[in-house]
Amino acid sequence: MIHTDGACKGNPGPGGWGVLLSSDGGEKELFGGEALTTNNRMELMAVIEAIGALKRPCQVTLYLDSEYVRKGITEWIVGWKARGWRTAAKQPVKNADLWLRLDALLAVGEHRIDWRWVRGHSGDPGNERADQLANRGVDSTRAR
């Protein structure tokens with residue numbers, strides 16, 4: 001089970017991402033950030049870092065509060081790729097560099113992922129912890 005979240009103080013502004021990985025009673029926390037970024041980029045980075053941390057093919061339930069990421073990876077990406085990374089309106093896909101990274105990770109990882117949206121800041125324990133980690137990412141970026 002994975003919970004991910006992104007945070008940004010200003011949009012754009014300093015941002016952070018957080019990941020809570022849980023398996024067989026064990027947990028691992030990951031976080032990081034960037035000095036000038038957007039919330040959507042941090043939401044994507046959280047998922048990229050989470051999947052990149054998997055050491056073997058896994059069956060994963062991934063919880064995230066970003067419909068942008070969930071719909072992007074489960075619905076929109078097929079059309080973006082077919083149109084050469086352009087939207088239906090023929091505009092360049094925003095954050096294409098990160099979408100390409102995520103797509104490549106999923107292509108080689110052989111993971112089976114059940115993408116589950118949860119409402120942010122609604123008391124879901126995993127989402128709340130991922131949010132705290134994302135804010136630690138912001139704080140670590142500001143401290144640099």
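What counts, and where the lines are drawn
- Residues numbered from 1 in each chain as written.
- Predicted model: local features only at pLDDT ≥ 70, side-chain atom pairs only at ≥ 80, totals over all residues.
- Heavy atoms only, no water.
- Salt bridge = Lys/Arg side-chain N within 4 Å of Asp/Glu carboxyl O.
- Helix = DSSP H or I, 4+ residues; strand = E, 2+ residues; numbered from the N terminus.
- Buried < 20%, exposed > 50% of the residue type's maximum accessible area, 1.4 Å probe, protein only.
- Contact = heavy atoms within 4.5 Å.

### Considerations on the pattern of salt bridges
Reasoning step 1: Overall, the coordinates contain seven salt bridges when judged by the stated rule.
Reasoning step 2: The residue glutamate 29 makes a salt bridge to arginine 136 at a minimum N-O spacing of 3.8 Å. With glutamate 29 in strand S3 (residues 26-37) and arginine 136 in helix H4 (residues 125-143), this pair connects stretches of sequence that are 107 residues apart.
Reasoning step 3: In this structure, glutamate 67 and arginine 70 form a salt bridge, with 2.7 Å as the shortest nitrogen-oxygen distance. Taken together, the residues glutamate 67 and arginine 70, both in helix H2 (residues 67-82) and three residues apart, mark about one turn of the helix.
Reasoning step 4: Exposure remark for arginine 70: the relative accessible area of 19% places this residue in the buried category.
Reasoning step 5: Several salt bridges converge on common partners, so that one network encompasses Glu27, Glu29, Arg129 and Arg136.

### What to know about the side chain of threonine 37
Reasoning step 1: Tracing the chain through its elements places threonine 37 in strand S3.
Reasoning step 2: Taking the relative accessible area as the measure of exposure, threonine 37 reaches 2% and is therefore buried.
Reasoning step 3: Leave out the neighbours within four places in its chain, and threonine 37 touches Cys8, Asn11, Pro12, Gly13, Pro14, Gly15 and Met42.

Remember, this is a structural readout, not a statement about activity or role.
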